[in-house]
Amino acid sequence: MPLFRFFRGQQNNNTATFTFTCSGTPDNLFASANIQNFIYQFAGFDLRASLSFFLEDGVITLYNGLASWNGNNLSNLDGFFSIDTMNATLKTSYSGNLGSSPLTADLRVDFFSDYIPEKPSLFDIGKSLEQFTLRASVANLGWNTYSSAENEPFVCTFVHEPGVTAVYAGKNDALTGFLLDDGTFLLESTSEFPIQFQANGIIASPNISIAISGFYVDMMELYEFIPILPLVFTDGTISGNFTITGLLNDPEFNGLLAVSGIRFTAPDYLTGTYGPVDFEIQAEGKLLTIPSFLVASDKSAFLIDALFEFQHWLPTTIEVNTATLSNKPVLVNMRNNLFAISGSISFDLAISFSWEGLDITGVAGFEQGYFSTWPSSGGQTQDSTTNFDMNIDLTLNLGQKAEFRWVLAEVPILRSFIQADEPIRIALNTRTNNFQLRGAATLRGGEVFYLKRSFYLRQGSIIFNENQSRFDPIVSLRAEIRDRDEDGQSVRIILSAENQPLSNLVPVLSSEPPKSELELMVLLGQVATGDASRDTLWRDVIVVGSDFAAQLGIFRRVENAIRDFLHLDMFSIRTLLIQNAIFGTAMQNTSGNSSEKKMTIGNYFDNTTVYMGKYFGSAIFVDALVHFSYYDQETSQTTRENVVGNLLIQPEIGLEMNTPFFTLRWTNTLENLDTLFVADNSVSLSWKFSY
């Protein structure tokens, strides 16, 4: 049935489909109706509903009801209305969206009329509205991260008598007020409510004029009542007075609120406690202005200002500008389904928020710490369940102590300090489903875990040219590990890769002195030799496992402590100290009965590498590498001068300088004292092109 035949403003698609039956006598009437589809245009949006009800013994029962309007949905709509007592009950489950997050709740409305008809009739419904009590309750409220499932339902009671409507809400009537027929309005709260105020004035449609005085909020109590923000407030208050005037559906705000002593944490994002923070909120018309104020912790500080624009009671646009102070970066520690980051960040950002989306532009710098990303198979850059868009355009500068880890932060396959001469650009636009991350950086020091062994990274580079369909950086690297062959001679195993996707890394192995692929696999524990004993196999398994575990645990903390103490930009250690202590001289494959040989400093620190580096300005980098290995003077065919006891020390120093045309690298291995190390010098030139 088309509704435009009966109601104005309805379109051709506004229809109703239903069946209706009726039987009995006027005193004992039975009726039922099933509305399969009802589409009615209201306020520019279609109200869609379907429900069933029946009338029996003076009671109208509603069941199996559904309704939706402008993204607001009601389900499990059930209720009844008694013609004899003029009482009614309605229950439903609500779902919708507030901002970008789903809003859900269970609603219940109970209606009690003081009018009792002598002869019950549907025509007496109007009289029942002259004096009544209506109780509405909200339970299981959920929005964003907030859930009231464990709390008591929030109950609001309206009592209407001729000339006045009173309201009582919250636990122990924390909110009370009244509205007279002439528009006089009063609403006030007690200390049981997290927001205290007194509001009085006139509400006479279409105008409103309300003065709010004694406004006071304890942020700690408010957070316990509605913990919906990523911030955890531990102290602070908001107080002041303001007015609400103008049109009832689109008012203006004027007044001043003082925010004092705010202390907060953000455990999922920031490290440390911030505060106390003091600032003012100035309301004038449809604008709320927050002048620039300082937010600081013991190690971090940043400035922030904001502007809110209101329409129809709600903020439609929020503009925020924020920037860290010099030498006061923000300490972050966060993880999501795209990346993990822990360290210090500086920024200068402009943030714009509206109900349609979020825009972030500016410059950020990752000063110190680590970040890691994991492979993406591409696809949507936005959650398909929300229409909330994001537009991000960031220029990222990497500091001298930034560390890149792939794939997982705790157990990385690749770990290295990363230096970018040019900023990295990050762009994300979910409106057009586009994502870009572009830039190039140099890898310095660190480790590559391959074939169950941890290789020391000597040099490398990484290129980001990622988009919404693929996130797989291209890397070039050269890493090495030192071991001993079956004759006890030192072997340098070199792992190299050139312009390969990080998720499908297939490096090439070589060695000095040269070894066959089978011999290298045997050295790395990937192939068991024919004379391998049970003890040897168990030793190889434990060495491989403890090699990786030690690098992740004990020595990672030692590296950080030494680097900070010596004020270095880079410091790393790769050692088999634990394995050497467990297996003794058997780790060096010495001839004869190894169990009879006494452990010395050379045995403990065999196959240990220490690397350190320091920037001087932004163009000069100085580094040093020292490799320690066991040296058996009895079996060795050569005499080495750089031996302490039976510990062979092989140092290497280098200097790298960035010039306008190329990068100059000088290295000296410090092996031949008789030539004053002249023959140990090497110089290399390198350059790159971006296209």
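Basis of the calculations
Residues numbered from 1 in each chain as written. Predicted model: local features only at pLDDT ≥ 70, side-chain atom pairs only at ≥ 80, totals over all residues. Heavy atoms only, no water. Helix = DSSP H or I, 4+ residues; strand = E, 2+ residues; numbered from the N terminus. Buried < 20%, exposed > 50% of the residue type's maximum accessible area, 1.4 Å probe, protein only. Contact = heavy atoms within 4.5 Å. Phe/Tyr/Trp six-rings, centres within 6.5 Å; stacked < 30°, edge-to-face > 60°. Lys NZ or Arg CZ within 6 Å of the ring centre and 35° of its normal. Polar contact = N/O pair within 3.5 Å; in protein donor to acceptor, adjacent residues only side chain to side chain. pLDDT = per-residue confidence, 0-100.

Asker: Please give an account of the environment of E130 that cites residues and values.
Answerer: Relative to the helices and strands, E130 is located in the loop between α1 (125–128) and β8 (132–143). For E130, a relative accessible area of 51% corresponds to the exposed category. Residues E130 and P162 lie 32 residues apart in sequence; the distance between their C-alpha atoms is 6.5 Å. Once you skip the residues sitting within four places of it in the chain, E130 turns out to touch H160, E161 and P162.

Asker: Describe the packing of aromatic side chains, with residues and values.
Answerer: Aromatic rings considered in pairs are described by the distance between their centres and by the relative angle of their planes. Applying the stated criterion to the full structure yields 19 aromatic pairs. For the pair F366 and F371, a centre-to-centre distance of 5.6 Å together with 85 degrees between the ring planes defines the contact as edge-to-face. On the basis of relative accessible area, F366 is assigned to the buried category, the value being 2%. With relative accessibility at 15%, the residue F371 sits in the buried group. Three or more aromatic residues link up through ring pairs in this structure, and these residues are F233, F264, Y274, F302 and F347. The positively charged end of R405 is found above the aromatic ring belonging to Y370, 3.9 Å away from the centroid.

Asker: Can you break down unusual backbone geometry residue by residue, with the values?
Answerer: Along the chain, S205 connects to P206 via a cis peptide bond; the corresponding omega equals 15 degrees. In this fold, P206 is placed in the loop between β14 (195–204) and β15 (207–218). In this structure, the amide linkage connecting E512 to the following residue, P513, adopts the cis form with an omega of -5 degrees. Along the chain, P513 falls in the loop between β32 (508–512) and α3 (517–523).

Asker: A description of the environment of N681 should follow, citing residues and the corresponding values.
Answerer: Residue position: N681 is located in strand β39 (residues 681–686). As a C-alpha pair, N681 and W666 span 15 residues in sequence and 7.3 Å in three-dimensional space. Dropping the residues within four chain positions of it, N681 is found in contact with W666, T667 and N668. Side-chain polar atoms of N681 contact the backbone oxygen of F677, separated by 3.0 Å. Here V678 takes part through its backbone oxygen, which lies 3.1 Å from a polar atom of the side chain of N681.

Asker: Now, about the side chain of R444: what can you tell me, with residues and values included?
Answerer: Among the structural elements, R444 can be located in strand β28 (residues 434–450). Residues contacting R444, with those up to four places away along its chain left out, are S416, F417, Q419, M570, Y615, F621 and E656.

Asker: Before we move on, can you summarise the side chain of S511 with the specific residues and values?
Answerer: Along the polypeptide, S511 turns up in strand β32. The buried category is assigned to S511, whose relative accessible area is 11%. A polar contact of 2.8 Å, which involves the side chain of S511, links it to the backbone oxygen of P513. Of the polar contacts made by the side chain of S511, one reaches the backbone nitrogen of K515; its length is 2.8 Å. Setting aside chain neighbours within four positions, we find S511 in contact with V491, R492, I493, I494 and L520.

Asker: Provide a residue-level description of the confidence of the model for the chain, including the pertinent values.
Answerer: Residues with a pLDDT of 70 or more make up 87% of the chain, whose mean pLDDT is 83. Element-level pLDDT for the chain is lowest in helix α4 (residues 534–552), with a mean of 54, against a maximum mean of 96 in strand β19 (residues 287–296). Segment residues 377–387 is flagged for pLDDT under 50; beyond a separation of four residues in sequence, or across chains, it makes 18 contacts in the model.

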